[in-house]
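Spelled out from the first residue to the last, the chains are:
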Amino acid sequence: MTEAIATDRTEPAAAPAEEAIRVEDLHKSFGHLEVLKGVNMSAKKGDVVAIIGGSGSGKSTMLRCINFLETPTSGRIVIGGEEIAMRADGSPASRKQIERVRSRLGMVFQAFNLWTHRTLIENVTEVPVHVLGVPKAEAHDRAMALLERVGLADKAATYPAFLSGGQQQRAAIARALAIDPSVMLFDEPTSALDPELVGEVLTVIRDLAAEGRTMLLVTHEMKFAREVSDHVIYLFEGRIEEQGPPEAVFGAPKSERLKQFLKSVA
Ligand code: ADP
Ligand code: MG
């Protein structure tokens, strides 16, 4: 008798998690240099996917292709169920579409990339107000809440140059969150930081992961990747050499290359 165990739950218990992002057979060449050689990956809503690999393996290029900062040579990119239409040369077929899709992606780079002539609050409100048309007061309140979340509410009126690297990177995360992205892309967010500043940035990212923010995270922090990710992708020379849950990839790597890599970064 199913009635006997009926609850007031309104959603089906086994509803498949929604796909947040899918990349199919992604290729990217720079001239004769083939950097991505057919990458396939996907993430469901709420997934944290860590991308690891040696320098030059194509990690940044992969993230940059996903938001078309680089033009893919070929492949398919689907964000939130919407496939980005590409021309034969890989460029986005529609400016409008790419802008719409980009507004669902928050990107945080290695170097903090804040606008140096704007205060933190101006950095965080810029895109919502001037690109997305959010009313100023609303954008301001939201930005303050985001700065509060990353522990920088008291620095709202400060210019980036007066902040530490860790503070700047936390502000960059607040700025990326200001568009309420469906997927956050992090490209080695801590690798330009002095060691003592890494922790405060990882704490912010850990909180985002814990609250179910979907993210692709390129990182050299293996302990952190193991702790926060649901899935790990190991890139080697533009191909996924091995992937799986963190316990498997870090705890029981199969590929010799991955074993070597993990040794080299330990
Ligand atoms: P990773 O982030 O894993 O260190 P990248 O994606 O930055 O690797 O780079 C992969 C390869 O592509 C490297 O050999 C790099 O020199 C090359 N590359 C990256 N961007 C460009 C570019 N704009 N023009 C030419 N070569 C590039
Ligand atoms: Mg890189």
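Positions within a chain are numbered from 1, following the residues in the order the chain's sequence is written. Starting at A for chains and at 1 for ligands, labels are handed out in the order in which the entities are written. Where totals are concerned, whole chains, interfaces and linings use all residues; where local detail is concerned, this predicted model gives features only for residues with pLDDT of at least 70, and gives and counts side-chain atom pairs only at 80 or more.

Draft legend 1. Structural detail: the site of ligand 1. Here, nearness means that the C-beta atom of a residue, built from backbone geometry, sits within 6 Å of the molecule or strand in question. For ligand 1, the full set of nearby residues is Phe30, Leu33, Val35, Gly53, Ser55, Gly56, Ser57, Gly58, Lys59, Ser60 and Thr61. The set of elements that each furnish at least two residues to the shell around ligand 1 consists of strand S2 (33-44) and helix H1 (59-66). With three residues, H1 is the single largest residue contributor to the shell around ligand 1. Residues were grouped as follows: Ala, Val, Leu, Ile, Met, Phe, Trp, Tyr, Cys and Pro as nonpolar; Asp, Glu, Lys and Arg as charged; and all remaining residues, including Gly, as polar. Of the residues belonging to the shell around ligand 1, the class tally is three nonpolar, seven polar and one charged. Strands are runs of DSSP state E lasting at least 2 residues, helices are runs of H or I lasting at least 4, and numbering of each runs from the N terminus.

Draft legend 2. Local environment of helix H3 (residues 120-130). Restricting attention to buried positions, one finds in H3 the residues Leu120, Ile121, Asn123, Val124, Thr125 and Pro128. By the criterion used throughout, residues are in contact when their C-beta atoms, derived from the backbone, lie within 7 Å. In this structure, the buried side of H3 is in contact with helix H4 (136-149) and helix H5 (165-177). Burial is judged by counting other C-beta atoms within 10 Å of a residue's own C-beta: 20 or more means buried, 12 or fewer means exposed, and anything between counts as partly exposed, with every C-beta placed from the backbone.

Draft legend 3. Main features of the pairing of strand S7 (residues 183-187). Of all five residues that make up S7, five are buried, and the element is covered over most of its length. Alternating residues of S7 divide into Val183, Leu185 and Asp187 and Met184 and Phe186, and every residue in both groups is buried. One bridge is not enough; two strands pair if DSSP finds at least two bridges between them. Two strands pair when backbone bridges link them, and strand S6 (residues 105-108) and S7 are joined in this way by four bridges, in the parallel orientation. Bridging across to S7, Gly106 finds its partner in Met184. Here S7 runs beside strand S8 (residues 215-218); their pairing, made up of four bridges, is parallel. Across the sheet, the residue bridging to Leu185 is Leu216, located in S8. Call a crossover right-handed when, viewed with both strands pointing away from you, the route from the first strand across the helix to the second goes clockwise. At this point the chain moves from S7, through helix H6 (residues 195-210), to the parallel S8, and the crossover so formed is right-handed.

Draft legend 4. Geometry of the sheet that holds S2. Strand order across the open sheet formed by four strands is S2-S1-S4-S5, with antiparallel pairing between neighbours. Each of the sheet's edge strands pairs with one partner strand only, and the pair in question is S2 and strand S5 (82-83). For strand S4 (residues 74-79) and S5, the ladder comprises two bridges, and the chain directions are antiparallel. The partner of Ile79 across the bridge, within S5, is Glu82.

Draft legend 5. Quick peek at the nonpolar core. Membership of the largest hydrophobic core comes to 67 residues, with the highest contact counts inside it found for Ile51 and Ala174. In contact with Ile51, not counting residues within four places along its chain, are Lys59, Met62, Leu216, Leu217, Val218, Ile233 and Leu235. Nonpolar cores are built from buried Ala, Val, Leu, Ile, Met, Phe, Trp, Tyr and Cys residues. These are joined into a set through C-beta atoms within 7 Å.

Draft legend 6. Layout of the packing of H3 against H4. In this analysis an axis means a line fitted to C-alpha atoms, helices contributing only their contacting stretch, and an angle means the value between N-to-C directions, from 0 to 180 degrees. The N-to-C vectors of H3 and H4 enclose an angle of 130°; their axes lie 9 Å apart at closest approach. In terms of orientation, H3 lies oblique with respect to H4. Here H3 runs over H4; the crossing is right-handed. Residues Leu120, Ile121, Val124, Thr125, Pro128 and Val129 of H3 form the contact with H4, whose participating residues are Lys136, Ala139, His140, Ala143, Met144, Leu146 and Leu147. Should an angle lie under 35 degrees it is considered roughly parallel, over 145 roughly antiparallel, and from 65 to 115 roughly perpendicular; all remaining angles are considered oblique. Handedness of a crossing is defined here by the sense of rotation of the near helix relative to the far one, left-handed for an anticlockwise turn of less than a right angle and right-handed for a clockwise turn.

Everything listed here is a matter of geometry and, on its own, says nothing about what the molecule does.
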